[in-house]
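This is what each chain is made of:
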Amino acid sequence: MSAAIKNVTVIGSGLMGAGIAQVAAQTGHIVTMVDIDEMAVNKAEKRIGDSIKRVAKKKFGDDGDGAAEFISGSISRLGTSTDAVAAVGSADLVVEAIVENLNVKKKLFAELDKAAPSHTIFASNTSSLSITAIADATTRKDRFGGLHFFNPVPVMKLLEVVRIPETSQETYESMCDWGKAMGKVTVECKDTPGFIVNRLLIPYTLEAIRLLERGDASARDIDTAMKLGAGYPMGPIELSDYVGLDTSKFIIDGWHKSFPDVELFKPSPMLEKLVVKIAETTEETLATMNDWGKAMGKKV
Ligand code: 3HC
């Protein structure tokens, strides 16, 4: 019988980290969400506050008291910290969702390995890096695995549970049980690039960008075609933007480096250009775009 996970520390409070922390708190876990500074943590708390209201509305409808209790209960279970080492002191599970950089992840886990109790399970939410390579930084490979969530975490039902050869059966079962306690459906996958979803999704969205690049169809028509012709909730161009063009580029660049002969992993010049353009956008342009969005009556 696997040990139940009660205390969860989530490292990283970006889109994914905040979503994981939110759902863990909503489902009764004691959560500590960690980031490097107060500004990042405050931003995540705001995002969680907005999202949890949407969840409560869906869950409780007109039952205002039920919704208020759900929100305050969840928030009361969610603490924050800017000290990762201190935050893992009583964790049963640590889920890492920081920047997609192998060396940074390894450095973090090497530090946490010394500070966390021996029973603590470590997991990475990496989209495309090797779990084995990350786990190499620790002395607890039997208590290490991948827990890969999907954006938006409060809505997407899937959790990919990734085992490396050293992951013990008990650790694997604990991770699956926790996934179910989080309200997710779990699927098992080996430590293979992109696991299941991203291995299929990233080449698919890249193929859509290539279609656009060749001038075969417009972005709008590609998205409409896949929504209405294949039943996808979002078209591939919108989805690339939703996942983040920089994230898509990062994933494909990494795979291309490791597997240069795989045609589907070849970089797209259009994606390269778009990511450079976004990186070059000045603060002034961004402020003007924000103002324009607000003037259009949109929430920016
Ligand atoms: N928090 C809480 N609830 C949210 C939410 C959030 N962040 N975002 C959406 N919702 C809720 C809404 O409140 C709404 O609830 P309702 O049914 O009670 O009205 C419901 O979800 C639907 O939202 P919307 O009406 O705003 O819009 P849509 O119907 O278009 O759904 C979507 C939005 C769920 C994002 C849908 O478009 C979708 O499923 N898109 C595909 C997302 C996807 O493929 N994600 C995976 C990306 S890959 C990934 O994450 C892996 C990584 O490693 C790259």
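Model, not experiment: these values are computed from the prediction. (Residues numbered from 1 in each chain as written. Predicted model: local features only at pLDDT ≥ 70, side-chain atom pairs only at ≥ 80, totals over all residues. Heavy atoms only, no water.)

Enquirer: Summarise the overall build of the chain; cite the residues concerned and give the values.
Expert: Within the chain, the secondary structure is distributed over 13 helices and eight strands. Relative to its length of 300 residues, the chain is compact, with a C-alpha radius of gyration of 20 Å against a globular reference of 19 Å. Each of the three principal axes of the chain carries a C-alpha extent, and together these read 55 × 50 × 40 Å. Classification of the 300 residues of the chain by burial places 43% in the buried group. If you take every contact in the chain between residues at least 6 apart in sequence, the share linking residues at least 24 apart comes to 65%. Of the accessible surface of the chain, which amounts to about 15,700 Å², a share of 58% is contributed by carbon and sulfur atoms. For the chain, the distance from the average position of its 35 positive side-chain charges to the average position of its 40 negative side-chain charges is 2 Å. (Helix = DSSP H or I, 4+ residues; strand = E, 2+ residues; numbered from the N terminus. Rg over C-alpha atoms; globule rule 2.2 N^0.38 Å. Buried < 20%, exposed > 50% of the residue type's maximum accessible area, 1.4 Å probe, protein only. Contact = heavy atoms within 4.5 Å. Areas by Shrake-Rupley, 256 points an atom, 1.4 Å probe, with all protein chains shown as cover. Lys, Arg positive; Asp, Glu negative; His and termini not counted. Charge placed at Lys NZ, Arg CZ, Asp CG, Glu CD.)

Enquirer: How would you sum up the pairing of strand β6 (residues 144-148)? Please name residues and give values.
Expert: For β6, the tally of buried residues reaches five of five residues, placing the bulk of the element in the interior. Side chains of β6 alternate between two faces, with Phe-144, Gly-146 and His-148 and Gly-145 and Leu-147 buried alike. In this sheet, β6 lies alongside strand β5 (residues 121-124) in parallel orientation, the contact comprising three bridges. Bridge pairing links Phe-122 to Phe-144 in β6. (Pairing = 2+ DSSP bridges.)

Enquirer: I'd like a rundown of the site of the ligand, residues and numbers included.
Expert: Taken together, 19 residues surround the ligand, and among them Ser-51, Lys-58, Ser-127, His-148 and Asn-151 come closest. For the ligand, an oxygen atom lies 2.8 Å from a polar atom in the side chain of His-148. Within the side chain of Asn-198, an N or O atom sits 3.0 Å from an oxygen atom of the ligand. A total of 1,000 Å² of accessible area belongs to the ligand in isolation, and the protein chains cover 66% of it. Of all the elements in the fold, those that place two or more residues in the shell around the ligand are α2 (38-60), α8 (197-213) and α10 (236-243). Considering each element in turn, the shell around the ligand owes the most residues, four residues, to α2. (Near = heavy atom within 4 Å. Polar contact = N/O pair within 3.5 Å; in protein donor to acceptor, adjacent residues only side chain to side chain.)

Enquirer: I'd like a rundown of the pairing of β5, residues and numbers included.
Expert: Here β5 shows two buried faces, one formed by Ile-121 and Ala-123 and the other by Phe-122 and Ser-124. Relative to β5, strand β4 (residues 93-96) runs parallel, the two being bridged by four bridges. If you follow Glu-96 over to β5, its bridge partner there is Ser-124. Considered for its hand, the β-α-β crossover made up of β4, helix α5 (residues 102-115) and β5 is right-handed. (Right-handed = clockwise from strand over helix to strand, strands pointing away.)

Enquirer: So what's going on with the nonpolar core? Residues and values would help.
Expert: Burial of nonpolar side chains together is a common tendency in soluble globular proteins. Residues Ile-20, Leu-93, Leu-147, Phe-149 and Trp-178 are the most contacted members of the largest nonpolar core, which totals 30 residues. The set of elements that each furnish at least two residues to this core consists of β1 (7-11), α1 (15-26), β2 (30-34), α2, β4, β5, β7 (158-163) and α7 (169-181). Residue contacts for Leu-93: discarding those within four places in its chain leaves Ile-5, Asn-7, Val-8, Thr-9, Thr-120, Ile-121, Ala-123, Leu-147 and Trp-178. Formed by 21 residues, the second largest nonpolar core is a distinct cluster that contains Ile-11, Val-94, Ala-116 and Ile-164. (Core = buried A, V, L, I, M, F, W, Y, C linked by side-chain atoms within 4.5 Å.)

Enquirer: I'd like a description of the packing of α8 against α10, backed by residues and values.
Expert: At their nearest, the axes of α8 and α10 sit 9 Å apart, and the two run at 120° to each other. As summarised for this structure, α8 and α10 are arranged oblique, according to the angle between their axes. Between α8 and α10 lies a crossing whose hand is left-handed. Residues Leu-201, Tyr-204, Thr-205, Ala-208, Ile-209 and Leu-212 of α8 touch α10, and the partners they reach there are Pro-236, Ile-237, Leu-239 and Ser-240. (Axes fitted to C-alpha atoms, helices over the stretch in contact; angles between N-to-C directions. Parallel < 35°, antiparallel > 145°, perpendicular 65-115°, else oblique. Left-handed = near helix turned anticlockwise from the far one by under 90°.)

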